[in-house]
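So the chains spell out like this:
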2 protein chains.
Amino acid sequence: MIITDILEYYKEKIELRLKTFLDEKISEAEKISYSSREIMQYIKEFNLRGGKRIRSVLIIMAYKSLGGKNENAIIDIAASAELMQSFLLIHDDIIDDDDLRRGGPTMHRIYAEKYKGCDNPKKFGENMAIIAGDLLASLGNEIISKSAFDEEKKLKLLQKFNKIIKLTGYGEIIDILSGLKTNVTEQDISKMHKLKTAVYTIEGPLHMGAIAAGASDDQLKILSEYAIPLGMAFQLKDDILGLFGSEEKLGKPADSDIKEGKKTLLILKVLENANKEQKELIGNALGNKDITKTELTKVREIIKETGSLSYSENLAEKLVKKAKNAIKTSDFETHGKDFFLEIADYVIKRDY
Amino acid sequence: MIITDILEYYKEKIELRLKTFLDEKISEAEKISYSSREIMQYIKEFNLRGGKRIRSVLIIMAYKSLGGKNENAIIDIAASAELMQSFLLIHDDIIDDDDLRRGGPTMHRIYAEKYKGCDNPKKFGENMAIIAGDLLASLGNEIISKSAFDEEKKLKLLQKFNKIIKLTGYGEIIDILSGLKTNVTEQDISKMHKLKTAVYTIEGPLHMGAIAAGASDDQLKILSEYAIPLGMAFQLKDDILGLFGSEEKLGKPADSDIKEGKKTLLILKVLENANKEQKELIGNALGNKDITKTELTKVREIIKETGSLSYSENLAEKLVKKAKNAIKTSDFETHGKDFFLEIADYVIKRDY
């Protein structure tokens, strides 16, 4: 089976489950107040707006690769990862002051727009979005605790779920602080990628699926050896797509990283290797909310010319190779191995 | 035993447990990065800064009243309620833009002050505080999931923990929206008090303790009949203390509710019964960040003169009576009954 087909196949199942779960929550909320119903509606819309569902699929495939058979139960765990993702995105979007997410307005923008007649719609929107995120964290815990796995597994899954939130939070802090520093190092970036992406997007989901399947500690360790380098590669690819990808496919503008002044490896390396004039141009572009298309094209050219793009591309490929090796030498069954190897290739090849 | 002695006795035990738990988390965080350690240090300081620990004590006493014997295990559950409380306070303080909490700076102020040299310390502080809250939610789940209760109980406790967060979130939304409305009704206020205080401060903790003790559904129901009116009374008393209490004992200024323009029952009733001149004075005071001491004294006088203060006081007493009746007619053992009755009186009599 081709990876994009698997993604497509499970995406539908996960979204159906998210829909039924959130419809139940809307009915619950309706009994409490108009405003509770309203926020749950927005939460549902935000969750169903799309996204790659890559975390979900990793959970399901890790589960199946390690012998798990209860597809309905694992879909609940996959849904918990999507709820966590929405929770973290909603809070991240407040932090980064972003307007657009998954091709629609961010949660704080939804509320700011809806209540635009109030004194301070921006602040109001942010306040509501803080709570929306908190609610989603609670819903993620809820769906795991009510899933069909036995109590021991559910507890382990809940521990993992909350540990992922904690580590992602640590990564986010490093990210925010790196925005203040002028001398961000490759090590800072690497640590942030490890926590915010490798643990969060790859290792965490694989471990959730594996725990649900009753994996041994040894198996979890192999999955970490695969997941961490793969996750770092995933982030590098994300940063490349964030600047060189298609706006339409990504569902967000391809200039947002530059406008935010995000310290990516692409930027770090270009600043290392650029000449004085190029450095000045990049320096002016970073964090410039009013950057023009021409300036952006110039930034892209410099990143290519200085070899910064190929540095990130090569590093990503090296990391993917390392990840694949961990799986090749494992004693996982062939079906599982093939899946993990294919996912690794997909990370590099995807265009959204 | 006098209730204040019980509060004092357990306060110390809970704070000791919070201290050892958060010290462990600091050691964990230290291995990740300087910034992770830093946020955990602030989280520890914030948690140990005080507070009445009333939720904790309700958990412990409900547990013991219903025959629970494992004091060390229940202290972990009590600590989870304190972690939740800090989580919600930190997010609330961002939402309300408050500077002071528990006699010290709010979490977003700590960070804004520490990094005051950065571009936008206020926004930076809020961003870090959003994450601090998220981390605390995760820690609350963690300490329950690792407590010494059996798996079935831990799962039920985790479900309750997350349900409390959800309902409190719904209450907070009503609260924020009531800030936009000019025509807030007594019913709106009552619904908000039910969710934000009765469920959160009284029913939730009592249920957590009772679940840990293996309570029956009938017993949980009696506790709800006691907890909901008592919680409503608790909030009325809080609003009274918020305007008429001692700043020193409360650890926050006694004008913050007025400055925020908080829609309390005190305000609703005074606006119903005041004459034109008084109404104008109250209207100007609400939400006025620069209110003078003289104006505030005048507001207090009007609230007394119009009978609004005694309306809230009487309603609180009526609710406490209702709460006590639910316990009196229950089949709880004498020791437990006495405790619940005493707590009910304490809610009305406390001065902080």
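Please read these numbers as outputs of a predicted model, since none were measured by experiment. The residue numbering used here restarts from 1 in each chain and proceeds along that chain's sequence as written. Numbering of ligands from 1 and lettering of chains from A proceed in the order in which they are written. In keeping with the predicted nature of the model, local features appear solely for residues at pLDDT of at least 70, side-chain atom pairs appear and are counted solely at 80 or more, and the whole-chain, interface and lining totals rest on all residues.

Participant: It is not clear to me how the overall build of chain A should be interpreted in this structure. Could you clarify?
Facilitator: Per the convention used, a helix needs a DSSP run of H or I reaching at least four residues, while a strand needs a run of E reaching at least two, with both numbered from the N terminus. When helices and strands are counted, chain A shows 16 helices and two strands. In this treatment the radius of gyration is a C-alpha quantity, and the globule benchmark scales as 2.2 Å times the residue count to the 0.38 power. Here the C-alpha radius of gyration of chain A, 21 Å, is about what a compact globule of 352 residues would show, namely 20 Å. A residue is called partly exposed when the number of other C-beta atoms within 10 Å of its own lies between 12 and 20, exposed at 12 or fewer, and buried at 20 or more, with C-beta atoms placed from the backbone. Relative to its 352 residues, chain A shows a buried fraction of 50%. In this description, any two residues whose backbone-derived C-beta atoms lie within 7 Å of each other are considered to be in contact. A fraction of 72% describes how many contacts in chain A between residues 6 or more apart in sequence connect residues 24 or more apart.

Participant: Help me understand the relation of the copies chain A and chain B in this model?
Facilitator: Note that the two copies of the chain are related through a rotation about an axis and a translation along the same axis. Copies overlap after least-squares fitting; the atoms used are the C-alpha atoms of residues with pLDDT of at least 70 in both. The transform that puts chain A on chain B rotates by 180° and translates by 0.0 Å along the axis, for an RMSD of 0.0 Å. Seen this way, the second copy is the image of the first under a two-fold rotation axis. Closest approach to the rotation axis among the C-alpha atoms of chain A is made by Glu151 of chain A, whose C-alpha sits 3.0 Å away. Both copies share a contact surface, since 100% of the interface residues of chain A are interface residues in chain B too.

Participant: What should I look at first to understand unusual backbone geometry in this one?
Facilitator: In most cases, non-glycine residues show a negative phi, while peptide bonds are predominantly trans. Positive phi values are uncommon outside glycine, yet Arg53 of chain A reaches one of about 60°. Along the chain, Arg53 of chain A turns up in the loop between helix 2 (34–47) and helix 3 (54–65). Assessed through the 24 C-beta atoms surrounding it within 10 Å, Arg53 of chain A is described here as buried. A positive phi angle, close to 60°, is found at Asp97 of chain B, a residue other than glycine. With respect to the helices and strands, the residue Asp97 of chain B is situated in the loop between helix 4 (71–96) and strand 1 (100–101).

Participant: Help me understand the packing of helix 1 (residues 3–30) of chain A against helix 4 (residues 71–96) of chain A, please; the structure alone is not making it clear to me.
Facilitator: Residue and element names in this part refer to chain A. In this analysis, axes come from line fits to C-alpha atoms, helices being fitted only over the stretch in contact, and the angle between any two N-to-C directions falls in the range 0 to 180 degrees. At a closest axis distance of 9 Å, the pairing of helix 1 and helix 4 adopts a crossing angle of 80°. What the angle tells us is that helix 1 and helix 4 run roughly perpendicular. Facing Lys13, Ile14, Arg17, Leu18 and Phe21 of helix 1, the residues of helix 4 in contact are Ile75, Asp76, Ala78, Ala79 and Glu82. Split by residue class, the contact of helix 1 with helix 4 holds six nonpolar, no polar and four charged. Note on angle classes: values under 35 degrees are labelled roughly parallel, values over 145 roughly antiparallel, values of 65 to 115 roughly perpendicular, and the remainder oblique. Residue type decides the class: Asp, Glu, Lys and Arg count as charged, Ala, Val, Leu, Ile, Met, Phe, Trp, Tyr, Cys and Pro as nonpolar, and the leftover types, Gly among them, as polar.

Participant: Would you mind going over the nonpolar core with me for this structure?
Facilitator: What tends to happen in soluble globular proteins is that the nonpolar side chains get buried as a cluster. The term nonpolar core means buried Ala, Val, Leu, Ile, Met, Phe, Trp, Tyr and Cys residues held together as one set by C-beta atoms within 7 Å. Residues Ile59, Ala132 and Leu230 of chain A together with Ile59, Ala132 and Leu230 of chain B are the most contacted members of the largest nonpolar core, which totals 213 residues. Those residues in contact with Ile59 of chain A that sit more than four places away from it in its chain are Ile74, Ile77, Ala78, Ala81, Pro205, Met208 and Gly209 of chain A.

Participant: Help me out: how do you make sense of the interface of chain A and chain B in this one?
Facilitator: Across the contact, 40 residues belong to chain A and 40 residues belong to chain B. Elements with a minimum of two residues in the side of chain A that touches chain B: helix 2, helix 4, helix 6 (121–145) and helix 7 (151–178) of chain A. Residue contributions to the side of chain A that touches chain B peak at 16 residues, all from helix 7 of chain A. Looking at the side of chain A that touches chain B residue by residue, the class counts come to 21 nonpolar, 11 polar and eight charged.

Participant: Looking at this model, I keep getting lost on the environment of Ser86 of chain A. Mind explaining?
Facilitator: Assignment of secondary structure puts Ser86 of chain A in helix 4. Linking Ser86 of chain A and Asn70 of chain A, residues 16 residues apart in sequence, is a C-alpha distance of 25 Å.

Participant: Just to check I follow, could you spell out helix 4 of chain B for this structure?
Facilitator: Each turn of an α-helix holds 3.6 residues, which means side chains three or four residues apart point in the same direction. Residue and element names in this part refer to chain B. Expected helix span is computed as 1.5 Å times (number of residues minus one). Look at helix 4: 37 Å from first C-alpha to last across 26 residues, which is about the 38 Å you get at 1.5 Å a residue. Burial analysis of helix 4 places 21 of its 26 residues in the buried class, which makes it a mostly covered element. Downstream of helix 4 by a residue or two, Asp97 has a phi angle that is positive, lying close to 60°.

Participant: Looking at this structure, I do not really get the packing of helix 1 of chain A against helix 3 of chain A. What am I missing?
Facilitator: Two packed helices can be described by the angle between their axes and the distance between those axes. Residue and element names in this part refer to chain A. In contact at an axis separation of 9 Å, helix 1 and helix 3 are set at 100° when each is read in the N-to-C sense. In terms of orientation, helix 1 and helix 3 fall into the roughly perpendicular class. Here Ile6, Leu7, Tyr10 and Ile14 of helix 1 lie close against helix 3, whose contacting residues are Ser56, Val57, Ile60 and Met61.

Participant: Explain the environment of Glu248 of chain A to me, please; I cannot follow it from the model alone.
Facilitator: Residues and elements named next belong to chain A. Tracing the chain through its elements places Glu248 in helix 10 (residues 247–250). A count of 9 C-beta atoms within 10 Å places Glu248 in the exposed class. For the pair formed by Glu248 and Gly103, sequence separation is 145 residues and the distance between their alpha carbons is 8.4 Å.

Participant: In this structure, what is going on with helix 16 (residues 334–349) of chain B? I would like to understand it.
Facilitator: Residue and element names in this part refer to chain B. Between its first and last C-alpha atoms helix 16 spans 23 Å; for 16 residues at 1.5 Å apiece the expected length is 22 Å, and the two agree. Within the sequence span of helix 16, burial applies to Phe339, Phe340, Ile343, Ala344 and Val347. Take helix 16 and look down its axis: the buried residues cluster within an arc of 135°, on one side only. For helix 16, the exposed residues lying more than 90 degrees away from the buried face are Thr334, His335, Asp345 and Lys349. Structurally, helix 16 contributes buried residues whose contacts are with helix 1 (3–30), helix 3 (54–65), helix 9 (217–244) and helix 15 (308–328). Arc definition: it is the arc formed by the directions from the helix axis to the C-beta atoms.

Participant: Before we go on, may I ask you to explain the environment of Glu280 of chain B in this structure?
Facilitator: Residue and element names in this part refer to chain B. With respect to the secondary-structure elements, Glu280 resides in helix 13 (residues 276–285). With 11 C-beta atoms packed within 10 Å, Glu280 lands in the exposed category. In the structure, Glu280 is positioned 196 residues away from Met84 in sequence and 40 Å away in space, judged by C-alpha atoms.

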